[in-house]
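Letter by letter, the chains look like this.
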Amino acid sequence: MSATVHTEKEPASGHGSPPLFALSMRSELQLLPVVRLALEEVCRLANFDASRAHEFTLAVYEACANVILHAHQKQADRVYRVEVCMTSDGVEASIHDQGTPFDFQAVPDLDPTQPRRGGRGVYLIRRLVDRVTAESSPAGNVLRLFKRTAAEDAMKEAP
Amino acid sequence: MIEITLVRVHPPRTAILRLAGEVNYVDVPGAEQSFERIYQNANPLHVVLDLSGLTFLVTPFIGAVLCWREMVLRGGGVLALAGCRSGTEAAFRHLLLDRLIPLAADVESALARLPTEQTPKKEDSAHG
């Protein structure tokens, strides 16, 4: 069984720790605030400041919306799963779905300033998190989003 | 859920709208309808959106704001944003919206930056 792995920004760290929690969600947009509330609490546990927490939560929220709208085509009976792990250097959320394979890396960065309704989710996700990894296989798709803690950011930026 | 209300009309024709709550995906169509209804009823030249009460937004809402900007531009006016919280402001900046729409710290700052309304042509022609 082959899998396609696309990584942007940095190589995956492979934390290997069990998830803090896993949510199985029906593909309904009106349920997305449940994911958001859970993520906000994890960000608090990870000592993310308000801005960092908002950025990570929004990125995961947009990724889940993409699964509902595109991978699952708004079919509410389809289920996707969100797993969240805390590591020593940040928080990772992985979104698992079994919808249409999605090549995250192939999505172009459309000009976000053009007046159109949609098409900004991937652009924003790329800028809100520190690492994006996408995998597609016959078993399904996994998108992993990782955001570093402020302390790790400071270490990365130090000369 | 988001609530959009017309707070006041700043003379001569600047509508100040307050947005409060959060904009999830399912809230965007309602927000669009609210804005368009208020805009048509108030018929302003400029519009200032007071976002100080907005706690969360999603990307389709940003698309809606850009469409509102186009609507106001077509009428000869300017759309300005005021009072963004840090999280919402980050989304606007990451999506480069701050290059198109002025982000002011508060409503009064936004009003101060708006272009002054030109004298209507009818008054000009009265002199000639």
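The notes below deal with the structure included here. Because the structure is predicted, anything quoted here is derived from the model rather than measured. (Residues numbered from 1 in each chain as written. Chains lettered and ligands numbered in written order. Predicted model: local features only at pLDDT ≥ 70, side-chain atom pairs only at ≥ 80, totals over all residues. Heavy atoms only, no water.)

**Here we look at the nonpolar core**
When a protein is soluble and globular, its nonpolar side chains tend to lie buried together.
Part 1: Counting 77 residues, the largest nonpolar core has Phe56, Tyr80 and Leu145 of chain A together with Leu49, Phe61 and Trp68 of chain B as its most contacted members.
Part 2: For this core, the leading source of residues is helix α2 (residues 50-71) of chain A, giving twelve residues.
Part 3: In this structure, Ala80, Ala82, Ala104 and Val107 of chain B belong to the second largest nonpolar core, which totals nine residues. (Core = buried A, V, L, I, M, F, W, Y, C linked by side-chain atoms within 4.5 Å. Buried < 20%, exposed > 50% of the residue type's maximum accessible area, 1.4 Å probe, protein only. Helix = DSSP H or I, 4+ residues; strand = E, 2+ residues; numbered from the N terminus.)

**A word on a nonpolar patch on the surface**
Part 1: A grouping of Leu20, Leu45 and Met86 of chain A is seen on the molecular surface, where their side chains present a nonpolar patch of about 260 Å² in accessible area.
Part 2: Residue position: Leu45 of chain A is located in helix α1 (residues 32-45). (Patch = residues over 30% accessible without salt bridge, like charges linked within 9 Å, V, L, I, M, F, W, Y side chains within 5 Å. Areas by Shrake-Rupley, 256 points an atom, 1.4 Å probe, with all protein chains shown as cover. Salt bridge = Lys/Arg side-chain N within 4 Å of Asp/Glu carboxyl O.)

**So, the pattern of salt bridges**
Pairs may arise between side chains of opposite charge once their charged atoms sit close together.
Residues and elements named next belong to chain A.
Part 1: In total, this model carries 16 salt bridges over all chains according to the counting rule given.
Part 2: A salt bridge links Asp109 to Arg126, with the shortest nitrogen-to-oxygen separation between them at 2.9 Å. Separated by 17 residues along the polypeptide, Asp109 in the loop between β4 (90-97) and α3 (121-128) and Arg126 in helix α3 bring together distant segments of the chain.
Part 3: Asp109 sits in the partly exposed class, given a relative accessible area of 39%.

**Some remarks on the interface of chain A and chain B**
Part 1: Listed as interface residues are 25 residues of chain A and, on the opposing side, 26 residues of chain B.
Part 2: Across the interface of chain A and chain B, roughly 2,200 Å² is buried in total on both sides, 65% from carbon and sulfur atoms.
Part 3: For the pair chain A and chain B, the interface holds one salt bridge.
Part 4: With its nearest N and O atoms 2.5 Å apart, the salt bridge here joins Arg36 of chain A to Glu22 of chain B.
Part 5: On inspection of chain A and its partner chain B, the count reaches five residue pairs in polar contact (both at pLDDT 80 or more).
Part 6: Counting only elements with at least two residues in the side of chain A that touches chain B, the list comes to α1, α2 and α3 of chain A.
Part 7: Looking at which element gives the most residues to the side of chain A that touches chain B, the answer is α2 of chain A, with eight residues.
Part 8: For the side of chain A that touches chain B, a count of residues per class yields twelve nonpolar, six polar and seven charged. (Contact = heavy atoms within 4.5 Å. Buried area = accessible area lost by both parts, 1.4 Å probe. Polar contact = N/O pair within 3.5 Å; in protein donor to acceptor, adjacent residues only side chain to side chain. Nonpolar A, V, L, I, M, F, W, Y, C, P; charged D, E, K, R; others polar.)

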